[in-house]
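Residues per chain are reported as follows:
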Amino acid sequence: MSSSAPQETGRQRLWSVDEHLADVLAAIRPLEPIELQLLDAQGCVLVEDVTVPVALPPFDNSSMDGYAVRVADVQGASEEFPAVLTVIGDVAAGSGELPTVGPGQSARIMTGAPLPPGAEAVVPVEWTDGGTGGGAASGMTPASAAPEGAAGEVRVHRAAEARAHVRARGSDVQAGDLALAAGTVLGPPQIALLAAIGRGTVRVRPRPRVVVLSTGSELVQPGEPLAAGTIYDSNSFALAAAARDAGAIAYRVGAVSDDADTLRATIEDQLIRADLLVTTGGVSVGAYDVVKEALTSVGGSGVSGVSGGSGGSGGSGEEDVQGGGVDFRKLAMQPGKPQGFGSIGPDHTPLLALPGNPVSSYVSFELFVRPAIRALMGLPDVNRPSVRAELKADKALGSPAGRRQFLRGKYDAGSGTVSPVGGSGSHLIAALAHADSLMVVPEDVTSVEPGAELEVILLG
């Protein structure tokens, strides 16, 4: 998406989407690395290369339940003329002392058990009579039902080549190999590898702690009865869930009334557990939009303004409405025109103030808050993936001149098309719930005809 030139609306400058995002990201620094237990590190970004201390697997082992044998002893074996071998013992996974397999001998062996000395291959139990003296076995006799020391004879009905059904030592990774490179996001497979090579802890950038709070005296918590003029608080739930989806640890604060002192006290209380604060509502120009008022003195002398943003635009100056350490701006976008950004408190905690309309709030999160969270995690790619798709619609889509519009859409990867979902209203939550993408209409486009190509931001 290309940046549009700054516009003026009276004394207040109109920021482009790209300028605002660049300003946010310029002020974000990745969190300091810490050492975490493996499960606590899930979803975090590795900050060091991890090498393999020991080969994996650390010893030759069986990939089947069966019998460890010498190749020469089962050469030419068939059901009509089976090879009859003496069973000298059991080898289970975790076995320490191993029997030595000599000529004419075999050892019962379980999947994952070490290959005993003298053995050259494993024949699956289905290729044998299982030591019963009958036909082909369908499984191993339980250890509790096996003869003492698993002695006796087994008839092998098929020959085996050397190393058959044997997992070689180091066939997964060798000692000294690079297991995981710095910058890797630790998901379940990566956690499994770390555990398999014996790592109990790992050094990562932690998942950011994001505090989400919504403002408005009209907001009621879900599950409580609605009084006249009230609505349920959906924004804090949506944004907390979105923060988790982005990789953060999210703390949702119940809706705060339209009182500057209450909001200020709530924000100050939350600073202790926040790497990032996100508010929704109260950033417009209404008489009860109290976020700007509350943020003029939150954190006392610890309040800090934002450092200069992209293109020398900065976060200060007469064109911006000042809110202590937070700049309140108007952006050339729809929905989500009013935005706030800054840092507050003694630790200069980043704060993004989003508009209160549900769709405006969610779109703003995807465009600005999600990248901030990903930047805190130290990820190089902070944005959602985007594709080009053909508009599939019954009529042209209108868009206001000079505004970058984000419309809800349903993307079909098979046909490479995208279809509108619902209208352009910033209150249409139901349409948002059925969308999987955002269709982007550039600032200089006022109408998009069916069949035209659009940029599409994929949300799933």
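Residues numbered from 1 in each chain as written. Predicted model: local features only at pLDDT ≥ 70, side-chain atom pairs only at ≥ 80, totals over all residues. Heavy atoms only, no water.

Novice: Help me understand the confidence of the model for the protein in this model?
Specialist: Detailed reading of predicted coordinates is not advised where the pLDDT is low. When the pLDDT values of the protein are averaged, the result is 86; 85% of them are 70 or greater. Within the protein, the lowest mean pLDDT, 39, falls on strand β20 (residues 321-323), and the highest, 98, falls on strand β3 (residues 34-37). Counted against residues more than four places away or in other chains, residues 1-6, with its pLDDT under 50, gives 17 contacts. Throughout residues 299-324 the model reports pLDDT below 50, and contacts reaching past four residues in sequence, or to other chains, amount to 72 contacts. (pLDDT = per-residue confidence, 0-100. Helix = DSSP H or I, 4+ residues; strand = E, 2+ residues; numbered from the N terminus. Contact = heavy atoms within 4.5 Å.)

Novice: Help me understand unusual backbone geometry in this model?
Specialist: Residues apart from glycine generally show negative phi values, whereas peptide bonds are mostly found in trans. A cis geometry characterises the amide bond from L56 onward to P57, with omega recorded as -5°. Its location among the elements puts P57 in the loop between β5 (50-51) and β6 (61-62). Residue P335 is reached from Q334 by a cis peptide bond, and omega for that bond is -5°. If you trace the backbone, P335 turns up in the loop between β22 (333-334) and β23 (338-344).

Novice: Would you explain the pairing of strand β29 (residues 437-441) in this entry?
Specialist: Across the 5 residues that make up β29, a large majority, 5, are buried. Where strand β27 (residues 404-412) meets β29, 5 bridges bridge the pair, whose relative direction is antiparallel. In the sheet register, Q405 faces β29, and the bridge partner there is V441. Across 4 bridges, the pairing between β29 and strand β31 (residues 453-458) is antiparallel. Bridge pairing in β31 links M439 to V456. (Buried < 20%, exposed > 50% of the residue type's maximum accessible area, 1.4 Å probe, protein only. Pairing = 2+ DSSP bridges.)

Novice: What am I meant to see in the nonpolar core here?
Specialist: What tends to happen in soluble globular proteins is that the nonpolar side chains get buried as a cluster. In terms of nonpolar packing, the biggest core is built from 43 residues, with L276, L352 and I373 touching the most fellow members. Discounting chain neighbours no more than four positions away, the residues touching L276 are R209, V210, V211, T349, P350, L351, L352, V369, A372, I373 and L376. Formed by 20 residues, the second largest nonpolar core is a distinct cluster that contains V256, V283, L295 and F328. (Core = buried A, V, L, I, M, F, W, Y, C linked by side-chain atoms within 4.5 Å.)

Novice: What's the story with the packing of helix α4 (residues 235-245) against helix α7 (residues 358-376) in this structure? I'm lost.
Specialist: Relative placement of two packed helices is described by the angle separating their axes and the distance separating the axes. With their axes 10 Å apart at the nearest point, α4 and α7 run at an angle of 25° to one another. Considering the angle they form, α4 stands roughly parallel to α7. For the crossing formed where α4 meets α7, the hand is right-handed. Seen from α4, the contacting residues are N235, L239, A242, A243 and D245; seen from α7, they are P358, S361, Y362, F365, R370 and I373. Along the lines of polarity and charge, the residues of the contact of α4 with α7 split into 7 nonpolar, 2 polar and 2 charged. (Axes fitted to C-alpha atoms, helices over the stretch in contact; angles between N-to-C directions. Parallel < 35°, antiparallel > 145°, perpendicular 65-115°, else oblique. Left-handed = near helix turned anticlockwise from the far one by under 90°. Nonpolar A, V, L, I, M, F, W, Y, C, P; charged D, E, K, R; others polar.)

Novice: Explain the pairing of β23 here, please?
Specialist: Here is the key point about a regular strand: its side chains alternate between the two faces of the sheet. In terms of burial, β23 is a largely internal element, 7 of the 7 residues being buried. Side chains P338, G340, G342 and I344 project from β23 onto one buried face, and the interleaved Q339, F341 and S343 project onto a second face that is buried too. In this structure, β23 lies alongside strand β24 (residues 349-354), joined through 5 bridges in antiparallel fashion. The partner of G340 across the bridge, within β24, is A353. Hairpin connection from β23 to β24: 4 residues lie between these consecutive antiparallel strands, with G345 at a positive phi of about 80°.

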